[in-house]
Amino acid sequence: MTGSARGAVPGPTGRRMLGNTYDYEQDRLGFIDRCHREFGDVFRFSPTTVMVGDPEIIHDIFLRTNTDFRTEGSLFSDDRTSAAEQMRETGTLMLTRRKGWHGVNRAAATAHAERFLGQLEALVSRSGGRAVEVLPMMKSFFGFAVADYCLGGDGGDVSAVAEIIDRAANASVPLMRSSISFPQWFPAPTVIRFRKAERRALSQLELQVSARKERPGEDPRDLLDVLKAQGEEGLDTTAVTRLLDIVMRASHGVPGATVAWAVRQFALEPVHLHKIRRESAIVRAAAAGEPVEVSDLPYTTAFLQELLRAYPPTWLMGRWVHKDTTLAHYDLRRGEQVMFSAYHVHRDSRWWSDPEEFQPERWLGQERPHVGRAYFPFGAGPRICFGYQLGMVQLTLALAWLAENYDIDVLNAVEAVPTPVELLIPRGLKARFRPRQ
């Protein structure tokens, strides 16, 4: 971007031909931290990407999403979707989100608790006390659990659908991890694999949606039923399919990584595990089908909030500039990206006391434990994560249930350091889950 009267966005010059990509890939977290220290809360990473570190500016971006900014973007460099078409797509998606919101709220998620915890018990017990890599196991579980929540209300087996969605999500990982975008026609194996997996996933979901629409109406039993009930109010098969695809792809990686971080923290500081176990009566009631509220698990909830502060799986977020606009007195052009790191904001001493200390107790007081809007593990504004209430309920119950029912032997807690790829993960974390006597 060329400078305007307001001046050009400052940033590192970068290497010849490579720009800042090489240095960023060597140490992603360190690179962002160094650039914010040197250039301030807004710096330019590349000719088409700006990074922001001030939570008030980030919140401004959240609030202006759907107008000046948008969340939808292509993984490919040759996307030519017009601004008008993008706005139509956004309008349709927002309508679908509003119609389906009560299908993923806290009450609906809590009502699903008995079934969810039964599925978790079946998964963990199959490990038989053997050492397992925690992240893949938990990602697989949440992929199935969310597929069941979305599509399993009629009692059918959703394993095949969950596997297809998981493959599509995994196929996108190499493209998301790369700081270089390829055109759709580029004959790289990663591009070919992703496009094939994406077509198969959307096709399978469309079949599910079409089949359900042909059945007589019943009381909603899953998210698809909730969306189906809105069909006469403007939701077509394509809109419902797209929302289900977004929910199912996004809703297994983040909770799976969060549970992996929890297991690691249990090993590093067992006191948290013991405090969560004091709330065991509530999760036993949920597993027995009794109505419970996550507010009845205050320490577990605080522990989860602190996990999402210290180790936010969605550590790097972004928006595309939808139309020429300004941000923090800088001009931005349509098609540019604005990125921001929840990991860095959540650990900035300007907004938090003792940010490098893991302190669930900070969430148990009457006052907000941070300055301003410095906490956004699920985003904010009109495009806050659609399933964040579902995720918070399921994660709170899962952590309480694991703590109550298992002794967890972690084999490499110290070595499984934060690794920022498409998600922030404790790479290679291994553990044994032994039933408590």
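### Points about the overall build of the protein chain
Tallying secondary structure elements over the protein chain gives 16 helices and 12 strands in all. Here the protein chain has a C-alpha radius of gyration of 22 Å; the compact-globule value for 437 residues is 22 Å, and the two agree. For the C-alpha atoms alone, the extent of the protein chain along its principal axes is close to 65 × 55 × 45 Å. Buried positions account for 53% of the 437 residues belonging to the protein chain. Accessible surface, the protein chain: about 19,700 Å² in total, of which carbon and sulfur atoms supply 51%.

### Here's the deal with the nonpolar core
Grouped burial of nonpolar side chains is what soluble globular proteins tend to show. Ranked by size, the top nonpolar core spans 106 residues in total, and within it Leu244 and Phe433 carry the most contacts. With 13 residues, helix α11 (residues 237–268) is the single largest residue contributor to this core. Setting aside its immediate chain neighbours within four residues, Leu244 contacts Cys150, Leu151, Leu205, Val209, Leu223, Leu224 and Leu227. Counting 25 residues, the second-largest nonpolar core is a separate cluster that includes Phe62, Phe69, Ala302 and Tyr330.

### A look at the pairing of strand β12 (residues 430–435)
Inspection of the sheet shows strand β4 (residues 132–133) paired to β12 by two bridges, in the antiparallel sense. The residue bridging Val132 from the neighbouring strand is Ala431, located in β12. By the bridge criterion, five bridges tie strand β9 (residues 406–410) to β12 in an arrangement that is antiparallel. Opposite Val410, over in β12, you have Ala431 as the bridge partner.

### A few points about the sheet that holds strand β5 (residues 316–321)
The strand order across the open sheet formed by five strands is β1-β2-β8-β5-β3, and the pairing between neighbours is mixed. What marks the edges here is a single partner per strand, and that holds for β1 (42–46) and β3 (69–70). Two strands pair when backbone bridges link them, and β5 and strand β8 (residues 337–341) are joined in this way by five bridges, in the antiparallel orientation. For Arg319, the partnering residue across the bridge sits in β8 and is Val338.

### Some points on unusual backbone geometry
The phi dihedral of Met17 falls on the positive side, at around 75°, and the residue is not glycine. On the secondary structure map, Met17 appears in the segment before α1 (21–26). Backbone geometry at His329 places phi at a positive 75°, although glycine is not the residue there. Within the secondary structure, His329 is located in the loop between β6 (325–327) and β7 (330–332).

### Topic: the environment of Gln337
Within the secondary structure, Gln337 sits in strand β8. Each C-alpha atom of the pair Gln337 and Tyr375 lies 21 Å from the other, and the pair is 38 residues apart in sequence.

### Some thoughts on the packing of helix α7 (residues 134–151) against helix α16 (residues 388–405)
For the pair α7 and α16, interaxial distance at closest approach is 13 Å and the crossing angle is 130°. In terms of axis orientation, α7 runs oblique to α16. In this structure, α7 meets α16 at a crossing whose hand is right-handed. Of α16, the residues touching α7 (which contributes Met138, Phe142, Val146 and Tyr149) are Leu390, Gln394, Leu395, Ala398 and Leu402. Class assignment for the residues of the contact of α7 with α16 results in eight nonpolar, one polar and no charged.

### Some remarks on the packing of aromatic side chains
Following the criterion strictly, the structure yields 19 aromatic pairs and no others. Their ring planes at 10° and their centres at 4.2 Å tell us that Trp261 and Tyr311 sit as a pair that is stacked. Pair noted here: Trp261 is in helix α11 and Tyr311 is in the loop between α14 (298–310) and β5, with a separation of 50 residues, a long-range link. Of the two residues, Trp261 and Tyr311, neither departs from the other in class, the shared state being buried. An aromatic cluster of at least three residues, connected via ring pairs, comprises Tyr24, Phe31 and Phe45. Between Arg309 and the ring centre of Trp352, over which it is positioned, the NZ or CZ distance is 5.5 Å. The ring of Tyr311 carries the charged tip of Arg347 above its face, separated from the ring centre by 5.3 Å.

### Digging into the side chain of Glu404
Relative to the helices and strands, Glu404 is located in helix α16. A residue is classified by how much of its surface remains accessible, and Glu404, at 15% relative accessible area, is buried. For Glu404, the side chain forms a polar contact with the side chain of Ser280, separated by 3.3 Å. Polar side-chain contacts of Glu404 include one of 3.1 Å to the side chain of Arg284.

Criteria and thresholds
- Residues numbered from 1 in each chain as written.
- Predicted model: local features only at pLDDT ≥ 70, side-chain atom pairs only at ≥ 80, totals over all residues.
- Heavy atoms only, no water.
- Helix = DSSP H or I, 4+ residues; strand = E, 2+ residues; numbered from the N terminus.
- Rg over C-alpha atoms; globule rule 2.2 N^0.38 Å.
- Buried < 20%, exposed > 50% of the residue type's maximum accessible area, 1.4 Å probe, protein only.
- Areas by Shrake-Rupley, 256 points an atom, 1.4 Å probe, with all protein chains shown as cover.
- Core = buried A, V, L, I, M, F, W, Y, C linked by side-chain atoms within 4.5 Å.
- Contact = heavy atoms within 4.5 Å.
- Pairing = 2+ DSSP bridges.
- Axes fitted to C-alpha atoms, helices over the stretch in contact; angles between N-to-C directions.
- Parallel < 35°, antiparallel > 145°, perpendicular 65-115°, else oblique.
- Left-handed = near helix turned anticlockwise from the far one by under 90°.
- Nonpolar A, V, L, I, M, F, W, Y, C, P; charged D, E, K, R; others polar.
- Phe/Tyr/Trp six-rings, centres within 6.5 Å; stacked < 30°, edge-to-face > 60°.
- Lys NZ or Arg CZ within 6 Å of the ring centre and 35° of its normal.
- Polar contact = N/O pair within 3.5 Å; in protein donor to acceptor, adjacent residues only side chain to side chain.

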